[in-house]
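Examining the three-dimensional arrangement
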Amino acid sequence: QVQLVESGGGSVQAGGSLRLSCAASGITFSIYSMGWYRQAPGKQRELVARSYSGGTPTYADSVKGRFTFSRGYSKNIMYLQMNNLKPEDTAVYYCNLARIGPSNDFWGQGTQVTVSS
């Protein structure tokens, strides 16, 4: 089974930076997407960044120019570099791996990001 473990969350002041990491294991298929989602209290989970089949990442409008999705030398590691953080970025961030073809999503436990003004 696929296991996803996030790390790198924390509390920072507005304008600061954080780098989230997600290590995936147990992947037995070749075609999948990897990405990051976030969920703030009282709000629905939203897409932050995602790369389908290793292609160019797409980003939510709210984070364009500030966040960068990347993959490590190991293709089973993904990162989210978050610069110029804003209070509205405060949320629990989840890494996601989705198998393409058979729709099957795998989620990490989430990591809290808190941005103070």
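So, here's what we can say about the structure. (Residues numbered from 1 in each chain as written. Predicted model: local features only at pLDDT ≥ 70, side-chain atom pairs only at ≥ 80, totals over all residues. Heavy atoms only, no water.)

Digging into the sheet that holds strand 8 (residues 77–82)
The sheet built from four strands is open, its strands ordered 1-3-8-7 with antiparallel pairing. Looking at which strands have only one partner, the edges of the open sheet turn out to be strand 1 (3–7) and strand 7 (67–71). The mean inter-strand angle of the sheet, taken between neighbouring strand axes irrespective of direction, is 15°. Sheet topology places strand 1 next to strand 3 (residues 18–25); five bridges connect them, and they run antiparallel. Looking across to strand 3, one finds that E6 is bridged to C22. (Pairing = 2+ DSSP bridges. Helix = DSSP H or I, 4+ residues; strand = E, 2+ residues; numbered from the N terminus. Axes fitted to C-alpha atoms, helices over the stretch in contact; angles between N-to-C directions.)

Observations regarding the state of the cysteines
On inspection of all chains with the given rule, the structure shows one disulfide. With a sulfur-sulfur separation of 2.1 Å, C22 is cross-linked through a disulfide to C95. As the torsion about the S-S bond is roughly 55°, the C22-C95 disulfide counts as right-handed. Of the two residues, C22 is situated in strand 3 and C95 in strand 9 (residues 91–99); the sequence distance between them amounts to 73 residues. (Disulfide = S-S within 2.5 Å.)

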